[in-house]
Amino acid sequence: MCKLISGIVCALCAWVTLGLAPDAVLSHPTLVENVMDYGAVGGEGIDDTLAFQAAMNTGRTVWVPGGHTYTLGQLTVVSGMTLECENWTAILKLKDGATITGGNFWIGKVYTDAAVSNVTIRNCQLDGNKANNTVVGATAIGFGGTNILIEHNYIHDTFFACVVLGRPTGAYNMRIVDNWCDNPGTNASNWGAFAFTGGRNLRMLNNLATSTDFGMCYSYDIEPNTGWDIGNILIQGNTSVGGGSSNNFCNTIQVMGTIAQPLNDVIVSNNTIRDLHSGRAIGFAAVHGLLIQGNIIHSSIGGSIGPSSGINPASPISNVSIVHNILRGGGGILYGRSPGSITPVLIANNHIEAPVTGISVGAVTGGTITGNTISNATGQGVVLTDVSR
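Keep in mind that this is a model prediction, so the values were computed, not measured.

Conventions and cut-offs
- Residues numbered from 1 in each chain as written.
- Predicted model: local features only at pLDDT ≥ 70, side-chain atom pairs only at ≥ 80, totals over all residues.
- Heavy atoms only, no water.
- Pairing = 2+ DSSP bridges.
- Helix = DSSP H or I, 4+ residues; strand = E, 2+ residues; numbered from the N terminus.
- Axes fitted to C-alpha atoms, helices over the stretch in contact; angles between N-to-C directions.
- Core = buried A, V, L, I, M, F, W, Y, C linked by side-chain atoms within 4.5 Å.
- Buried < 20%, exposed > 50% of the residue type's maximum accessible area, 1.4 Å probe, protein only.
- Contact = heavy atoms within 4.5 Å.
- Polar contact = N/O pair within 3.5 Å; in protein donor to acceptor, adjacent residues only side chain to side chain.
- Disulfide = S-S within 2.5 Å.

*Asks:* Which residues make up the sheet that holds strand β33 (residues 351-353), and what are the values?
*Replies:* Strands pair in a sheet through their backbones, by hydrogen bonds, and they do so in one of two ways: parallel or antiparallel. Reading across the sheet, the 12 strands line up as β3-β6-β9-β12-β15-β18-β21-β24-β27-β30-β33-β36 and stay open at both edges, with parallel pairing between neighbours. Looking at which strands have only one partner, the edges of the open sheet turn out to be β3 (68-72) and β36 (373-375). On average, adjacent strands in this sheet sit at an angle of 10° to one another, irrespective of strand direction. Where strand β30 (residues 326-328) lies against β33, 3 bridges are found, and the strand directions are parallel. Of the residues in β33, the one forming a bridge with Ile 326 is His 351.

Structure (C-alpha coordinates):
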(Lines give C-alpha, C1' and ligand atoms only; values in the text may rest on other atoms or scores of the structure.)
Protein backbone atom coordinates (compact mmCIF):
# COMPACT_ATOMS: atom_id res chain seq x y z
CA MET A 1 0.00 0.00 0.00
CA CYS A 2 2.81 2.43 0.88
CA LYS A 3 4.47 1.69 -2.42
CA LEU A 4 1.22 2.30 -4.31
CA ILE A 5 0.48 5.56 -2.49
CA SER A 6 4.04 6.68 -3.14
CA GLY A 7 3.57 5.88 -6.83
CA ILE A 8 0.39 7.93 -6.95
CA VAL A 9 2.11 10.88 -5.27
CA CYS A 10 5.04 10.70 -7.69
CA ALA A 11 2.72 10.47 -10.69
CA LEU A 12 0.67 13.43 -9.45
CA CYS A 13 3.82 15.49 -8.84
CA ALA A 14 4.92 14.85 -12.43
CA TRP A 15 1.44 15.72 -13.65
CA VAL A 16 1.43 19.02 -11.73
CA THR A 17 4.91 19.81 -13.08
CA LEU A 18 3.42 19.76 -16.56
CA GLY A 19 1.18 22.67 -15.58
CA LEU A 20 -1.84 20.67 -14.49
CA ALA A 21 -2.01 21.87 -10.89
CA PRO A 22 -5.36 21.18 -9.18
CA ASP A 23 -5.72 24.80 -8.03
CA ALA A 24 -5.28 26.37 -11.45
CA VAL A 25 -7.61 29.37 -11.64
CA LEU A 26 -9.24 30.73 -14.77
CA SER A 27 -10.16 34.36 -15.18
CA HIS A 28 -13.88 35.09 -15.36
CA PRO A 29 -14.82 34.97 -19.05
CA THR A 30 -17.08 37.57 -20.62
CA LEU A 31 -20.40 36.94 -22.33
CA VAL A 32 -21.24 33.86 -20.28
CA GLU A 33 -24.11 32.42 -18.29
CA ASN A 34 -23.36 32.26 -14.56
CA VAL A 35 -25.16 29.34 -12.88
CA MET A 36 -25.82 31.58 -9.88
CA ASP A 37 -27.96 33.80 -12.12
CA TYR A 38 -30.13 30.77 -12.87
CA GLY A 39 -30.74 29.99 -9.22
CA ALA A 40 -27.83 27.73 -8.30
CA VAL A 41 -26.95 27.97 -4.60
CA GLY A 42 -23.88 25.80 -4.23
CA GLY A 43 -24.85 24.61 -0.77
CA GLU A 44 -24.22 21.04 0.34
CA GLY A 45 -27.42 19.05 -0.12
CA ILE A 46 -29.32 21.73 -2.07
CA ASP A 47 -30.32 20.39 -5.51
CA ASP A 48 -28.98 22.71 -8.25
CA THR A 49 -29.87 20.45 -11.20
CA LEU A 50 -32.56 22.70 -12.71
CA ALA A 51 -30.37 25.79 -12.51
CA PHE A 52 -27.45 24.07 -14.24
CA GLN A 53 -29.67 22.60 -16.94
CA ALA A 54 -31.30 25.94 -17.67
CA ALA A 55 -27.90 27.60 -18.08
CA MET A 56 -26.59 24.76 -20.25
CA ASN A 57 -29.65 24.91 -22.49
CA THR A 58 -28.54 28.34 -23.72
CA GLY A 59 -25.76 26.64 -25.70
CA ARG A 60 -23.27 29.19 -24.44
CA THR A 61 -20.41 29.20 -21.93
CA VAL A 62 -21.69 28.34 -18.45
CA TRP A 63 -19.53 29.77 -15.66
CA VAL A 64 -19.39 27.84 -12.36
CA PRO A 65 -17.85 29.87 -9.49
CA GLY A 66 -15.38 28.10 -7.22
CA GLY A 67 -15.65 27.59 -3.49
CA HIS A 68 -18.99 25.78 -3.63
CA THR A 69 -20.32 22.22 -3.75
CA TYR A 70 -23.17 21.93 -6.27
CA THR A 71 -25.44 18.91 -5.69
CA LEU A 72 -26.73 17.65 -9.05
CA GLY A 73 -28.76 14.99 -10.75
CA GLN A 74 -28.52 13.96 -14.39
CA LEU A 75 -27.64 16.75 -16.85
CA THR A 76 -27.97 16.82 -20.66
CA VAL A 77 -25.38 18.60 -22.81
CA VAL A 78 -26.41 20.70 -25.83
CA SER A 79 -24.48 21.82 -28.89
CA GLY A 80 -22.27 24.88 -28.52
CA MET A 81 -22.08 24.83 -24.73
CA THR A 82 -18.99 25.03 -22.56
CA LEU A 83 -19.19 24.05 -18.90
CA GLU A 84 -16.36 26.13 -17.41
CA CYS A 85 -15.51 25.90 -13.70
CA GLU A 86 -13.42 28.53 -12.00
CA ASN A 87 -11.15 25.87 -10.48
CA TRP A 88 -11.34 22.51 -8.73
CA THR A 89 -13.00 24.11 -5.69
CA ALA A 90 -16.10 24.21 -7.88
CA ILE A 91 -17.30 20.73 -6.90
CA LEU A 92 -20.11 19.13 -8.90
CA LYS A 93 -21.42 16.27 -6.76
CA LEU A 94 -23.87 13.60 -7.88
CA LYS A 95 -26.72 13.65 -5.38
CA ASP A 96 -27.43 10.67 -3.14
CA GLY A 97 -29.57 8.00 -4.81
CA ALA A 98 -29.60 9.82 -8.14
CA THR A 99 -32.02 8.57 -10.79
CA ILE A 100 -30.29 7.97 -14.11
CA THR A 101 -32.70 7.58 -17.05
CA GLY A 102 -32.35 7.39 -20.81
CA GLY A 103 -28.62 6.67 -20.92
CA ASN A 104 -25.61 5.53 -18.97
CA PHE A 105 -24.27 8.93 -17.95
CA TRP A 106 -24.48 11.57 -15.27
CA ILE A 107 -23.49 14.51 -17.53
CA GLY A 108 -24.01 13.77 -21.22
CA LYS A 109 -26.59 12.83 -23.84
CA VAL A 110 -28.48 9.71 -24.94
CA TYR A 111 -26.59 8.04 -27.80
CA THR A 112 -29.77 7.45 -29.81
CA ASP A 113 -30.51 11.20 -29.91
CA ALA A 114 -28.96 13.54 -32.45
CA ALA A 115 -25.24 14.12 -32.14
CA VAL A 116 -24.01 17.29 -30.46
CA SER A 117 -21.17 19.50 -31.63
CA ASN A 118 -18.70 21.99 -30.14
CA VAL A 119 -19.06 20.96 -26.50
CA THR A 120 -16.37 21.55 -23.84
CA ILE A 121 -16.27 20.56 -20.16
CA ARG A 122 -13.27 22.12 -18.45
CA ASN A 123 -11.60 22.67 -15.09
CA CYS A 124 -14.29 21.12 -12.86
CA GLN A 125 -14.19 18.69 -9.96
CA LEU A 126 -16.79 15.95 -10.42
CA ASP A 127 -17.57 13.79 -7.39
CA GLY A 128 -19.43 10.66 -8.46
CA ASN A 129 -20.43 9.93 -4.84
CA LYS A 130 -20.39 6.19 -5.50
CA ALA A 131 -20.75 5.40 -1.80
CA ASN A 132 -24.33 6.65 -2.12
CA ASN A 133 -25.03 5.71 -5.74
CA THR A 134 -25.12 2.11 -6.95
CA VAL A 135 -27.27 2.78 -10.01
CA VAL A 136 -26.41 1.50 -13.47
CA GLY A 137 -25.33 4.47 -15.51
CA ALA A 138 -23.26 6.50 -13.08
CA THR A 139 -20.50 7.21 -15.60
CA ALA A 140 -19.55 10.83 -14.91
CA ILE A 141 -19.40 12.12 -18.52
CA GLY A 142 -20.87 10.17 -21.41
CA PHE A 143 -21.89 11.32 -24.90
CA GLY A 144 -20.56 11.71 -28.43
CA GLY A 145 -20.45 14.16 -31.32
CA THR A 146 -18.16 16.46 -33.27
CA ASN A 147 -15.49 18.73 -31.78
CA ILE A 148 -15.78 17.53 -28.19
CA LEU A 149 -13.20 18.50 -25.55
CA ILE A 150 -13.05 17.16 -21.98
CA GLU A 151 -10.13 19.02 -20.41
CA HIS A 152 -8.44 19.48 -17.04
CA ASN A 153 -11.13 18.00 -14.81
CA TYR A 154 -10.67 16.12 -11.54
CA ILE A 155 -13.19 13.25 -11.57
CA HIS A 156 -13.39 10.76 -8.72
CA ASP A 157 -15.44 8.08 -6.97
CA THR A 158 -17.64 7.20 -9.93
CA PHE A 159 -19.63 3.96 -9.85
CA PHE A 160 -18.63 3.26 -13.45
CA ALA A 161 -16.19 5.19 -15.65
CA CYS A 162 -15.02 8.81 -15.49
CA VAL A 163 -15.38 9.69 -19.19
CA VAL A 164 -16.86 7.63 -22.07
CA LEU A 165 -17.16 9.31 -25.47
CA GLY A 166 -18.70 7.80 -28.59
CA ARG A 167 -21.79 7.29 -30.70
CA PRO A 168 -22.73 5.07 -33.69
CA THR A 169 -22.08 7.72 -36.38
CA GLY A 170 -21.39 11.42 -36.58
CA ALA A 171 -18.62 11.47 -33.98
CA TYR A 172 -15.37 13.19 -34.98
CA ASN A 173 -12.56 15.09 -33.28
CA MET A 174 -13.19 14.06 -29.69
CA ARG A 175 -10.45 14.74 -27.14
CA ILE A 176 -9.90 13.74 -23.51
CA VAL A 177 -6.99 15.89 -22.31
CA ASP A 178 -5.22 16.63 -19.01
CA ASN A 179 -7.84 15.06 -16.71
CA TRP A 180 -7.35 13.16 -13.45
CA CYS A 181 -9.61 10.18 -12.80
CA ASP A 182 -9.29 8.77 -9.27
CA ASN A 183 -10.91 5.70 -7.75
CA PRO A 184 -13.40 4.85 -10.51
CA GLY A 185 -15.58 1.76 -10.76
CA THR A 186 -16.03 -1.24 -8.52
CA ASN A 187 -14.66 -4.76 -8.69
CA ALA A 188 -18.15 -5.91 -9.70
CA SER A 189 -18.66 -3.28 -12.41
CA ASN A 190 -15.28 -3.89 -14.17
CA TRP A 191 -15.20 -0.33 -15.50
CA GLY A 192 -12.46 2.21 -15.31
CA ALA A 193 -11.22 5.66 -16.21
CA PHE A 194 -11.42 6.87 -19.83
CA ALA A 195 -12.92 5.25 -22.93
CA PHE A 196 -13.83 5.79 -26.57
CA THR A 197 -16.63 3.60 -27.92
CA GLY A 198 -17.10 5.08 -31.39
CA GLY A 199 -15.86 7.90 -33.60
CA ARG A 200 -12.94 9.08 -35.74
CA ASN A 201 -9.95 11.29 -34.92
CA LEU A 202 -9.94 10.42 -31.23
CA ARG A 203 -7.32 11.62 -28.74
CA MET A 204 -6.47 10.71 -25.13
CA LEU A 205 -3.60 12.96 -24.08
CA ASN A 206 -1.73 13.58 -20.81
CA ASN A 207 -4.36 12.16 -18.46
CA LEU A 208 -3.80 10.59 -15.04
CA ALA A 209 -5.71 7.54 -13.75
CA THR A 210 -5.20 6.32 -10.17
CA SER A 211 -6.73 3.60 -8.03
CA THR A 212 -5.89 1.83 -4.77
CA ASP A 213 -8.28 -1.10 -5.28
CA PHE A 214 -9.61 -3.43 -7.99
CA GLY A 215 -12.27 -0.99 -9.22
CA MET A 216 -10.27 0.43 -12.14
CA CYS A 217 -10.45 -2.43 -14.62
CA TYR A 218 -8.94 -0.32 -17.39
CA SER A 219 -7.42 3.16 -17.49
CA TYR A 220 -7.54 3.96 -21.22
CA ASP A 221 -9.98 1.92 -23.30
CA ILE A 222 -10.70 1.80 -27.03
CA GLU A 223 -13.60 -0.61 -27.40
CA PRO A 224 -16.35 -0.02 -29.99
CA ASN A 225 -19.96 -0.75 -29.27
CA THR A 226 -21.50 -3.18 -31.77
CA GLY A 227 -21.81 -1.56 -35.18
CA TRP A 228 -20.19 1.75 -34.17
CA ASP A 229 -17.63 3.25 -36.53
CA ILE A 230 -14.25 3.92 -34.91
CA GLY A 231 -10.65 4.58 -35.96
CA ASN A 232 -7.68 6.97 -36.20
CA ILE A 233 -6.84 6.98 -32.49
CA LEU A 234 -3.95 8.40 -30.44
CA ILE A 235 -3.30 7.44 -26.80
CA GLN A 236 -0.26 9.45 -25.72
CA GLY A 237 1.46 10.84 -22.64
CA ASN A 238 -0.96 9.33 -20.12
CA THR A 239 -0.12 7.89 -16.68
CA SER A 240 -1.82 5.08 -14.78
CA VAL A 241 -1.08 4.03 -11.19
CA GLY A 242 -2.72 0.95 -9.69
CA GLY A 243 -5.86 -0.67 -11.03
CA GLY A 244 -6.65 -4.04 -12.49
CA SER A 245 -9.39 -6.50 -11.65
CA SER A 246 -9.55 -9.79 -9.84
CA ASN A 247 -10.77 -11.48 -13.05
CA ASN A 248 -7.36 -11.01 -14.75
CA PHE A 249 -8.96 -9.97 -18.07
CA CYS A 250 -8.49 -6.23 -17.61
CA ASN A 251 -5.82 -4.25 -19.42
CA THR A 252 -4.56 -0.85 -18.33
CA ILE A 253 -4.58 0.30 -21.96
CA GLN A 254 -7.08 -1.67 -24.04
CA VAL A 255 -7.30 -1.61 -27.84
CA MET A 256 -10.16 -4.03 -28.30
CA GLY A 257 -11.87 -4.52 -31.62
CA THR A 258 -14.05 -7.47 -32.54
CA ILE A 259 -14.02 -10.02 -35.35
CA ALA A 260 -16.92 -8.26 -37.04
CA GLN A 261 -15.53 -4.80 -36.32
CA PRO A 262 -11.75 -4.60 -36.09
CA LEU A 263 -10.01 -1.37 -35.15
CA ASN A 264 -7.54 0.39 -37.44
CA ASP A 265 -4.85 3.04 -37.19
CA VAL A 266 -4.12 3.20 -33.46
CA ILE A 267 -1.03 4.72 -31.80
CA VAL A 268 -0.16 4.04 -28.13
CA SER A 269 2.92 6.09 -27.27
CA ASN A 270 4.86 7.57 -24.36
CA ASN A 271 2.50 6.38 -21.63
CA THR A 272 3.59 5.36 -18.12
CA ILE A 273 2.02 2.46 -16.20
CA ARG A 274 2.86 1.62 -12.59
CA ASP A 275 1.81 -0.99 -10.01
CA LEU A 276 -0.81 -2.83 -12.04
CA HIS A 277 -2.69 -5.38 -9.93
CA SER A 278 -3.52 -7.82 -12.72
CA GLY A 279 -3.96 -8.26 -16.47
CA ARG A 280 -1.96 -6.77 -19.34
CA ALA A 281 -0.42 -3.33 -19.15
CA ILE A 282 -1.21 -2.92 -22.87
CA GLY A 283 -3.60 -5.47 -24.34
CA PHE A 284 -5.19 -5.62 -27.79
CA ALA A 285 -7.39 -7.67 -30.10
CA ALA A 286 -8.87 -7.40 -33.59
CA VAL A 287 -6.74 -4.47 -34.72
CA HIS A 288 -5.10 -3.63 -38.05
CA GLY A 289 -2.31 -1.09 -37.80
CA LEU A 290 -1.13 -0.63 -34.20
CA LEU A 291 2.01 1.20 -33.06
CA ILE A 292 3.09 0.71 -29.42
CA GLN A 293 6.09 2.96 -28.89
CA GLY A 294 8.06 4.62 -26.11
CA ASN A 295 5.92 3.44 -23.20
CA ILE A 296 7.32 2.81 -19.70
CA ILE A 297 5.83 -0.06 -17.70
CA HIS A 298 6.72 -0.88 -14.09
CA SER A 299 5.85 -4.08 -12.21
CA SER A 300 3.06 -5.42 -14.36
CA ILE A 301 1.90 -8.72 -12.90
CA GLY A 302 0.50 -10.04 -16.17
CA GLY A 303 2.16 -10.00 -19.57
CA SER A 304 3.23 -6.42 -20.04
CA ILE A 305 2.34 -6.10 -23.73
CA GLY A 306 0.41 -8.50 -25.93
CA PRO A 307 -2.95 -9.77 -27.19
CA SER A 308 -5.53 -9.59 -24.44
CA SER A 309 -6.35 -12.61 -22.33
CA GLY A 310 -9.87 -13.97 -22.41
CA ILE A 311 -10.78 -12.86 -25.95
CA ASN A 312 -11.87 -14.87 -28.95
CA PRO A 313 -8.60 -16.46 -30.14
CA ALA A 314 -9.68 -16.11 -33.77
CA SER A 315 -9.81 -12.31 -33.65
CA PRO A 316 -7.48 -10.96 -36.38
CA ILE A 317 -4.39 -8.89 -35.57
CA SER A 318 -2.09 -7.45 -38.21
CA ASN A 319 0.62 -4.85 -38.82
CA VAL A 320 1.65 -4.32 -35.21
CA SER A 321 4.89 -2.60 -34.18
CA ILE A 322 6.16 -2.79 -30.58
CA VAL A 323 9.25 -0.59 -30.43
CA HIS A 324 11.39 1.41 -28.01
CA ASN A 325 9.42 0.50 -24.88
CA ILE A 326 10.88 0.04 -21.38
CA LEU A 327 9.44 -2.84 -19.34
CA ARG A 328 10.47 -3.48 -15.75
CA GLY A 329 9.16 -6.63 -14.09
CA GLY A 330 6.12 -8.68 -15.05
CA GLY A 331 5.69 -10.85 -18.11
CA GLY A 332 7.60 -9.04 -20.84
CA ILE A 333 6.18 -9.06 -24.37
CA LEU A 334 3.83 -12.02 -24.85
CA TYR A 335 2.68 -12.01 -28.44
CA GLY A 336 0.65 -14.55 -30.31
CA ARG A 337 -1.55 -17.52 -29.63
CA SER A 338 -2.85 -20.58 -31.41
CA PRO A 339 -5.26 -20.74 -33.08
CA GLY A 340 -5.46 -17.18 -34.33
CA SER A 341 -4.75 -14.90 -37.23
CA ILE A 342 -1.67 -12.79 -36.45
CA THR A 343 0.32 -11.34 -39.33
CA PRO A 344 3.28 -9.02 -39.58
CA VAL A 345 4.70 -7.87 -36.29
CA LEU A 346 7.85 -5.86 -35.52
CA ILE A 347 9.31 -6.16 -32.01
CA ALA A 348 12.40 -3.98 -31.94
CA ASN A 349 14.67 -2.03 -29.61
CA ASN A 350 12.73 -2.68 -26.43
CA HIS A 351 14.47 -2.78 -23.05
CA ILE A 352 13.11 -5.47 -20.73
CA GLU A 353 14.30 -5.83 -17.12
CA ALA A 354 13.61 -8.75 -14.75
CA PRO A 355 10.71 -10.38 -16.59
CA VAL A 356 9.46 -13.92 -16.13
CA THR A 357 9.92 -14.36 -19.88
CA GLY A 358 11.40 -11.53 -21.94
CA ILE A 359 9.73 -12.07 -25.32
CA SER A 360 7.41 -14.94 -26.21
CA VAL A 361 6.02 -15.07 -29.74
CA GLY A 362 3.84 -17.80 -31.23
CA ALA A 363 1.58 -18.45 -34.21
CA VAL A 364 2.80 -15.42 -36.17
CA THR A 365 3.30 -15.03 -39.90
CA GLY A 366 5.90 -12.41 -40.77
CA GLY A 367 7.66 -11.66 -37.51
CA THR A 368 10.76 -9.45 -37.10
CA ILE A 369 12.44 -9.40 -33.68
CA THR A 370 15.58 -7.32 -33.46
CA GLY A 371 17.63 -5.02 -31.25
CA ASN A 372 15.89 -5.86 -27.96
CA THR A 373 17.78 -6.09 -24.65
CA ILE A 374 16.64 -8.47 -21.89
CA SER A 375 18.27 -8.56 -18.46
CA ASN A 376 17.77 -10.69 -15.35
CA ALA A 377 14.95 -12.83 -16.74
CA THR A 378 13.70 -15.33 -14.16
CA GLY A 379 12.63 -17.65 -16.98
CA GLN A 380 13.55 -17.75 -20.65
CA GLY A 381 14.78 -14.73 -22.55
CA VAL A 382 13.18 -15.27 -25.97
CA VAL A 383 10.73 -18.03 -26.90
CA LEU A 384 9.62 -18.46 -30.51
CA THR A 385 6.93 -20.97 -31.50
CA ASP A 386 5.57 -21.36 -35.02
CA VAL A 387 6.96 -18.05 -36.23
CA SER A 388 7.72 -17.44 -39.90
CA ARG A 389 9.95 -14.51 -40.81
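*Asks:* Now, about the nonpolar core: what can you tell me, with residues and values included?
*Replies:* Phe 52, Leu 92, Phe 143, Phe 194, Phe 284 and Tyr 335 are the most contacted members of the largest nonpolar core, which has 82 residues in total. Sorting elements by how many residues they give to this core places helix α2 (residues 49-56) first, with 4 residues. Within the second largest apolar cluster, 6 residues are counted, among which are Tyr 111, Ala 161, Ala 195 and Trp 228.

*Asks:* Residue-level account of the environment of Glu 223, with values.
*Replies:* Tracing the sequence through the fold places Glu 223 in the loop between β19 (220-222) and β20 (230-236). The partly exposed category is assigned to Glu 223, whose relative accessible area is 34%. With residues up to four places along the chain from it excluded, the contact list for Glu 223 reads Phe 196, Thr 197, Gln 254 and Met 256. For Glu 223, the side chain forms a polar contact with the side chain of Gln 254, separated by 3.4 Å.

*Asks:* So, the environment of Ile 121: which residues are in play, and what are the values?
*Replies:* As for its placement among the helices and strands, Ile 121 is situated in strand β8 (residues 116-122). For Ile 121, a relative accessible area of 1% gives the class buried. Taking the C-alpha atoms as reference points, Ile 121 and His 152, 31 residues apart in sequence, are found 8.5 Å from one another. Ignoring any residue separated from it by four or fewer positions in sequence, one finds Ile 121 in contact with Leu 83, Ile 107, Ile 141, Phe 143, Leu 149, Ile 150, Glu 151 and Asn 153.

*Asks:* Help me get a handle on the state of the cysteines, residues and values and all.
*Replies:* Counting across every chain of the model gives 2 disulfides. Note on cysteine connectivity: Cys 85 is disulfide-linked to Cys 124, with sulfurs 2.0 Å apart. Between Cys 85 and Cys 124, the disulfide has an S-S torsion of 90° and is therefore right-handed. Taken as a pair, Cys 85 in strand β5 (residues 82-85) and Cys 124 in the loop between β8 and β9 (125-127) lie far apart in primary sequence, 39 residues in all. Each member of the pair Cys 85 and Cys 124 is classed as buried. One disulfide in the model links Cys 162 with Cys 181; its S-S distance is 2.0 Å. Every disulfide takes its handedness from the sign of the S-S torsion; for Cys 162 and Cys 181 that torsion is 70°, giving right-handed. Here Cys 162, found in the loop between β12 (154-156) and β13 (163-165), pairs with Cys 181, found in strand β15 (residues 180-182); they are 19 residues apart in sequence, far enough to count as distant. Residue Cys 162 is classed as buried on the basis of its relative accessible area, which comes to 0%.

In short, geometric facts, not functional conclusions.
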